[in-house]
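Residues per chain, in single letters:
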Amino acid sequence: MTSLPSPAPDRQFTRLLGQIGYGLAALAITLLGLMLVTFLIGRVVPTDPVLSIVGERATPAQIAAIREKLGLDLPLWQQFFIYVRDAVQGDLGNSIRTGKSVTSEIARYFPATLELATLGTIFGTLVGVPAGVLAATRPGSLADQIVRVVGLMGYSMPVFWLGLIGLLVFYGQLDWVSGPGRLDPTYDMMMEFTLTTYTGMILIDAALNGAWDVFGNAVSHIILPAGLLGYVSMAYISRMTRSFMMNELGQEYITTARVKGMPEWRVIWVHAMKNVLVPLITVIALSYAYLLEGSVLTETIFAWPGLGSYITDALFANDMPAVLGGTVVVGVVFVTLNMASDILYRLVDPRARI
Amino acid sequence: MTALRVWLGDPNPASRRQARLGQLWLAWRRIRRNRLAMAGLVIVAVLLVVAAFAPWIAPHDPLVQDLSRRLLPPGTPGNLLGTDDFGRDILSRIIFGARITLYIIALVAVTAPVLGLLIGTVAGYFGGWVDATLMRLTDIFLAFPRLILALALVAVLGPGIENAVLAIALTAWPPYARVARAETLTVRSSDYIAAIRLQGASAARIIAGHVVPMCLPSVIIRVTLDMAGVILIAAGLGFLGLGVLPPTPEWGLMISSGRKFLFEQWWVATMPGLAIFIVSLGFNLLGDGLRDVLDPRSASR
């Protein structure tokens, strides 16, 4: 293979750009399809959006006027076109419950979910990667069995049930952590009225304000749900790390490194890890995306005012624009994360650039 | 018995059936040595038995209320796992709940893989723009977070067990399509397919008779592993009140009704969750073992 001339650096770069461009085109098509599906779901919904605005006793003329105003008299493809045009400009319609714009409401709820999922992913990675490496270096040992069983349990547990048990034990019995919600009511008031909001993520905002008592309270609230999500992502990450690492350790370059007398920690954490990292990035990104989604049930249990709670609350109030807006946002985040991991993959792995 | 074993283990099978059964027997012997997989098999078998014989196994009627015996703790004589807020026996409700769970996973297991197989094999066999279109469609559905799409669908269709199944199946098929397409691509250009094509077989016949069987092993492994996820999503929908309607003893719904008195009467919410966990663990263990045995590519051990 060495006889093949390697392409000049600038050509490699253009090729990378081309791949990213192709990826972006695929991303656009996927997003369009995603919006078509949510749009169609919204159109076949049995509740009439007009009736919920004008009420039961409206005259046919009033109904027709509203229909026209909402654009419901247009053909379906035109309605979809308008829907996409508005969505691209950041307009996902107005919530039926509150009358406010769905986009602004989601912007208010999203940081809570982001904070939770990010912390969960950090936990999951910090525990999952070493656990997977440990299991891979001692296959069949007690440590390997434990990692395997703990991982499988994480795969098999209903998150909402584990959350309830966590609340029961650590909040109800031991009183180590605070209960549902992001802050105690008093701190909540403080956060709302005396502190400046920068990001909407309480841990960061409190730290930036130097309000360490608020920070401490926020930590005692987030630790349980974040630990829960962390466990779920740890189960996935440790399993994948184990199988990637086992695969790498069987390669010949590892034997070479060992024969050279390299210390074992360096063989594993520097040489093998470099190659394990490539697929691992995709795994971590996927698990991050999954946590953003999987937070629906966790947020319900912990009364966490995030995107998941927003969607479920809207669901029960029959607030379709809010449900679909939330669904589109989650879908967009999901697809973008996938895409980002794909690009990162190409940047990290020289083999993928060919 | 020994004669049968010798017949099965014969390295030079005399007929196709003997070869096939011999292969199955070898696979079974390999699974039997995998202790975790056997544990999974036992759990799944127990689920089947409990669901089939629920009325004979359950000590009480799952729906009959007895308000004088409400919220009794586990270990009470006559109510091994205690009673809920209507005085219904929790053990009996869990036993009848096995039927609901089995019903949901059986329906999903016969719909989603079939849809995925159809789309995946057609895409892989025809290639070109058919492949591009179908795979893009698959990607779109794959991009949708499963639980949220299921939520939105149930919101539109209305709660109920059939709608929950439909929503789960509609979100579950894309991985099967991917697997089936990958398998199809590997067999598409093989000689035996070319031979059948030269005999004048139609595309439908080739796909149904000669491509689909090649995809089945990987699809079956995926189904087993997927069932654990289906159980969790179904329970999640039930927990949110979007699945089965009360008073049906569905496990997720039982957790949600026990949530109100979690701190005083912990067992009402805890026991059904334990059932979900055990059954889903069973499917995961079994699927894991099956993959190790049947899938030659994952020779991880």
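The structure under discussion appears in the preceding block.
None of these values were measured; they are calculated from a predicted model.

Q: Before we go on, may I ask you to explain the overall build of chain A in this structure?
A: Of regular secondary structure, chain A possesses 14 helices and zero strands. In sequence order, the secondary structure elements of chain A are arranged as α-α-α-α-α-α-α-α-α-α-α-α-α-α. Expressed as a percentage of the 354 residues in chain A, the buried residues total 45%.

Q: Teacher, can you tell me more about the interface of chain A and chain B here?
A: Reports of interface size often rely on the accessible area that becomes lost once the parts have come together. At the junction of the two partners, chain A supplies 46 residues and chain B supplies 44 residues. Between chain A and chain B lies a buried interface of about 4000 Å² when both sides are counted; carbon and sulfur atoms form 77% of it. Taken together, the links from chain A to chain B amount to two salt bridges. Breaking the side of chain A that touches chain B down by element, the ones donating at least two residues are helix 1 (9–44), helix 6 (142–156), helix 7 (159–173), helix 10 (212–249), helix 12 (264–301), helix 13 (307–316) and helix 14 (320–348) of chain A. In the side of chain A that touches chain B, the residues fall into 32 nonpolar, nine polar and five charged.

Q: What's the story with the nonpolar core in this structure? I'm lost.
A: Where a protein is soluble and globular, its nonpolar side chains tend to be buried together. One finds Ile104, Leu237, Trp251 and Phe283 of chain B to be the most contacted residues of the largest nonpolar core, which totals 141 residues. Here the element with the most residues in this core is helix 10 (residues 203–239) of chain B; it accounts for 17 residues. The residues contacting Leu237 of chain B, other than those within four sequence positions of it, are Ala150, Leu151, Val154, Ala164, Ile168, Leu242 and Gly243 of chain B. Ala112, Leu183, Ile202 and Leu203 of chain A belong to the second-largest nonpolar core, a separate cluster that totals 22 residues.

Q: What exactly am I supposed to notice about helix 5 (residues 102–137) of chain A here?
A: Residues three or four positions apart in an α-helix share a direction because the helix packs 3.6 residues into each turn. The terminal C-alpha atoms of helix 5 of chain A lie 50 Å apart, and with 36 residues this matches the ideal 52 Å at 1.5 Å per residue to within 8%. A maximum bend of about 30° is found in helix 5 of chain A at Tyr109 of chain A, where proline Pro111 of chain A lies one to four positions downstream.

Q: Sorry if this is basic, but what is going on with the packing of aromatic side chains here?
A: For any pair of aromatic rings, geometry is given as the distance between the ring centres together with the angle between the planes. Applying the stated rule across the entire model yields twelve aromatic pairs over all chains. For the pair Trp161 of chain A and Phe277 of chain B, a centre-to-centre distance of 6.2 Å together with 25° between the ring planes defines the contact as stacked. Note that Trp161 of chain A is positioned in helix 7 and Phe277 of chain B in helix 12 (residues 267–294), a pairing that runs across two chains. Each residue in the set Phe39, Phe80 and Tyr83 of chain A is aromatic and connected to the rest through ring pairs, giving one cluster.

Q: Where do I start with a nonpolar patch on the surface in this structure?
A: A surface patch of nonpolar side chains, amounting to about 380 Å² of accessible area, comprises Val169, Phe170, Leu174 and Trp176 of chain A. Take Trp176 of chain A: it is sitting in the loop between helix 7 and helix 8 (185–193).

Q: Teacher, can you tell me more about the environment of Ala106 of chain B here?
A: Residue and element names in this part refer to chain B. Topologically, Ala106 is positioned in helix 5 (residues 90–126). Of the residues examined, Ala106 reaches a relative accessible area of 40% and is grouped as partly exposed. Put simply, Ala106 and Leu216 are 110 residues apart on the chain and 17 Å apart in space, counted from C-alpha to C-alpha.

Criteria and thresholds
Residues numbered from 1 in each chain as written. Chains lettered and ligands numbered in written order. Predicted model: local features only at pLDDT ≥ 70, side-chain atom pairs only at ≥ 80, totals over all residues. Heavy atoms only, no water. Helix = DSSP H or I, 4+ residues; strand = E, 2+ residues; numbered from the N terminus. Buried < 20%, exposed > 50% of the residue type's maximum accessible area, 1.4 Å probe, protein only. Contact = heavy atoms within 4.5 Å. Buried area = accessible area lost by both parts, 1.4 Å probe. Salt bridge = Lys/Arg side-chain N within 4 Å of Asp/Glu carboxyl O. Nonpolar A, V, L, I, M, F, W, Y, C, P; charged D, E, K, R; others polar. Core = buried A, V, L, I, M, F, W, Y, C linked by side-chain atoms within 4.5 Å. Expected span 1.5 Å × (residues − 1). Bend = angle between axes of the 7 residues up to and from the residue. Phe/Tyr/Trp six-rings, centres within 6.5 Å; stacked < 30°, edge-to-face > 60°. Patch = residues over 30% accessible without salt bridge, like charges linked within 9 Å, V, L, I, M, F, W, Y side chains within 5 Å. Areas by Shrake-Rupley, 256 points an atom, 1.4 Å probe, with all protein chains shown as cover.

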